[in-house]
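Examination of the molecular architecture
Here is what each chain is made of, one letter per residue.
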Amino acid sequence: MARLLVVDDESGIRLLYSQELADEGHEVATAATAAEAVERIKESEFDLIVLDIKLKNESGLDLLQKIVKERHNLPVILCTAFSCFKDDFSAWLADGYVVKSSDLTELKEEVKRVLAKKGK
Amino acid sequence: MDLVCCWHKEVVEPGGCPNIGEGEEVLYTSYQRRVLEKCIDCPNFRNDILKLQETGHPLGAVVPFLVGEVQEQRGRLQSMGSFLDSRDREIKFLHEISLVLQTSVDLDEVLSVVMTAITAGKGFGMNRAFLLLADKERKLLRGYLGVGPRDYGEAWGIWQEIQQGDFTLKEMAKDFYQTKLTSEKQKFHDILERMTIPLADQNHVLVRSLREKRPILVENAFHNPDCDHSLVQALGVDTFLITPLISRNRRIGVIISDNCITHKQITPQDVQSLETFAFSVAFAIERASLYERLQEELLKVTAANVKLKEQQELIVKMERMALVGKITSSIAHSIRNPLMIIGGFARTLLRGAAQDDPKREYLESIGQEARQLEEVLEDILNYSDSLYPTLDTWDVNQLVSSVCRELNGRLQERRVACRLRLEASLPPARIDYKQVAYCVRTIVNTAMERMPEGGEIRAETLRENGWIVVEVWVSGVPLSPESIEAMTTPFGSTEELGSGLGVAICKTIMEKHGNIFEVSTPAGGGTRYIIKLPVNREETQHGTIAGG
């Protein structure tokens, strides 16, 4: 079991991801904004962050840079509807990348892969 | 005194004067005219005057003086009359030629008139004429056309021909233009080729004539140190006339004319007449040349206009496409998350539902439909993505085989045979790998959707006129032109083609980056999709291939 933080501005997605990832046996916390995510990371230890690139009025990539800078051991999976972000150098800082889909198989596989890589 | 001549008689009886002939009967009674026209030249009159002198008559001393004066004045009048007659003929001739020259804007037609006028007996009657035109770009004076006989035999033939048919100058010029111009250019080809003189050669007699704006009559040419020896050798005559063609201070060219057959002297009158003629000739040649250039420019402008119109239409189309892309991209993003949530929760619920739960069917349907809509959205987002290509150098063979390998499972599932024919020595292409791979994948996927009973797909690569061509041929009933049009226009799809957006996006992506995308129906059947990618010349010579 791992502790995951899902950061997404859509409450429906936070709920769906929590449900599905919890079903996979993980403990899931959520955050709707970058500031809230920073708070959560300060408060608790997480094994993995699932981060939406496009948060309301802010960029998930900025948050990604902050996390990499301050907590470089904390793995991040970027999650987005924009496949073109794959070409953004900033996105390369992430440990994984998935395009949002109603079929969460890819996300779950990516979570497993990243956690295994980190020895979790 | 016994006077023999009738000069002292008011009226003469018919037959009274031996000098009055038939038709001049009026002179019998017209005393003044008879004396001035007949008596003054009559030997009897001269004898009568001598008799008067012998008798010491005062008139004997005065009359010879008066007669001499009258005869001299009459001679002068006749000479002036003859001069005026010749001038009158020349003016009429120049007028006739000018009318023809003014109405013609065809350079060869103008030259035909000019050269005929110079060489025809009804014109200036020179034996031979050469026209040299100034090539301003190359700064040369260059032989353009020669007219006349090459030898006496040919000259005799031409004169016979002219004598047999009584043609006007205009008719001769027309005949020359229609039947002889090309052969005449060819006839003096050897001489014309030797007539290339740099306009900078200020000492050359032809350039000097242009510079001084006056005709030069060259005589004793073989021994004239001022003459270009090679020019004299080419002409083969001792005497020739150079007439400059100048229009409003612009050097148009020169005309060299000679009497190489008859060796008739070139008179100052000939020189002056040709100089006068040269003014209208220079103007006509310049006008015809300008008209030719104008026609060329007009053609260019017309072509540019057509291209501009096409570009404008393309811009309008692109703007429409860009707008459509913007709107759809925006809609796609705003509905993607809700759609994902709907489909995601349907899957969650489905996983938790009992196997015999009748609601499973509804949940499955929600999940599948949501997934299908997501695929449509993926197409739309790919369109937006195409605005930002990532260009690099790639091996197209590797790309095609990779896509086909990726789709192998689906192809087998649908009983579609996929054959590859890849050109071995294909140069690299500078492309966005992801986008081109998306296009090849979309073509194969679209083809599969149209083959419920299975079929055949042939993917081929080849090199053609600086392009790398990816050709995908698909078996089955060929698409109609309407279907192709609908398929390649976003949101123009027909129902049986499914969403159809994929192929339209492929076309847009390819064309946006200077590639070519075509769908056609070859004569042998089926449908052919063609992608043409530019060869990366730089990399072909120096570099390596990314991912190759």
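For clarity, every value in this text was computed on a predicted model and none was experimentally measured.

Looking at the overall build of chain B
- What chain B contains, in helices and strands, is 17 helices and 13 strands.
- Taken over 548 residues, chain B has a buried fraction of 29%.
- Long-range contacts, defined as pairs at least 24 residues apart, comprise 66% of the intrachain contacts of chain B with a sequence gap of at least 6.

Digging into the overall build of chain A
- Of the regular secondary structure elements, chain A holds four helices and seven strands.
- Listing each helix as α and each strand as β along chain A from the N terminus yields β-α-β-α-β-β-β-α-β-β-α.
- Taken over 120 residues, chain A has a buried fraction of 38%.
- Taking the intrachain contacts of chain A between residues at least 6 apart in sequence as the baseline, contacts between residues at least 24 apart amount to 59%.

Observations regarding the sheet that holds strand β7 (residues 96–99) of chain A
Residues and elements named next belong to chain A.
- Pairing within the open sheet is parallel, and its five strands lie in the order β2-β1-β3-β6-β7. Single-partner strands in this sheet number two, and they are β2 (27–31) and β7. Here the strands of the sheet are splayed against their neighbours by 20° on average, with no regard to which way each runs.
- Inspection of the sheet shows strand β1 (residues 3–7) paired to strand β3 (residues 48–52) by four bridges, in the parallel sense. Looking at β3, one finds that L5 is bridged to I49.
- Docked against the sheet, helix α4 (residues 105–117) engages β3, β6 (76–80) and β7, running at close to 175° with respect to β7.

Considerations on the confidence of the model for chain B
Residue and element names in this part refer to chain B.
- Residues with a pLDDT of 70 or more make up 92% of chain B, whose mean pLDDT is 85.
- Across residues 539–548, where pLDDT falls below 50, the model places 23 contacts with residues more than four positions away in sequence or in other chains.
- With pTM at 0.45, the complex prediction returns an ipTM value of 0.83.

With respect to the interface of chain A and chain B
- In this assembly, 15 residues from chain A lie in contact with 19 residues from chain B.
- Here the residues of the side of chain A that touches chain B sort into five nonpolar, five polar and five charged.

Notes on unusual backbone geometry
Residue and element names in this part refer to chain B.
- One non-glycine residue with positive phi stands out, namely N249, at about 70°.
- If you trace the backbone, N249 turns up in the loop between β5 (240–247) and β6 (250–258).
- On the basis of neighbour counts, which here come to 6 C-beta atoms within 10 Å, the residue N249 falls in the exposed class.

Description of the sheet that holds strand β2 (residues 140–147) of chain B
Residues and elements named next belong to chain B.
- The six strands lie next to each other as β3-β2-β1-β6-β5-β4, forming an open sheet whose pairing is antiparallel. Here the strands that pair on one side only, and so sit at the sheet edges, are β3 (196–198) and β4 (216–218). Between one strand axis and the next, the sheet turns by 25° as a mean value, whatever way the strands run.
- Set on the sheet, helix α8 (residues 205–212) makes contact with β1 (128–135), β2, β3, β4, β5 and β6; between it and β5 the angle comes to about 45°.

Comments concerning the nonpolar core
- In this structure, B:A129, B:L131, B:L206, B:L245 and B:V254 are the most contacted members of the largest nonpolar core, which totals 53 residues.
- Excluding residues within four positions of it along the chain, B:L245 makes contact with B:I252, B:G253, B:V254, B:I255, B:A278, B:V281, B:A282 and B:I285.
- The next biggest cluster of nonpolar side chains, apart from the first, holds 39 residues, and it includes A:V28, A:L55, A:I77 and B:A346.

Reading the values: the criteria
Residues numbered from 1 in each chain as written. Chains lettered and ligands numbered in written order. Predicted model: local features only at pLDDT ≥ 70, side-chain atom pairs only at ≥ 80, totals over all residues. Helix = DSSP H or I, 4+ residues; strand = E, 2+ residues; numbered from the N terminus. Buried ≥ 20, exposed ≤ 12 C-beta atoms within 10 Å, placed from the backbone. Contact = placed C-beta atoms within 7 Å. Pairing = 2+ DSSP bridges. Axes fitted to C-alpha atoms, helices over the stretch in contact; angles between N-to-C directions. pLDDT = per-residue confidence, 0-100. Nonpolar A, V, L, I, M, F, W, Y, C, P; charged D, E, K, R; others polar. Core = buried A, V, L, I, M, F, W, Y, C linked by C-beta atoms within 7 Å.

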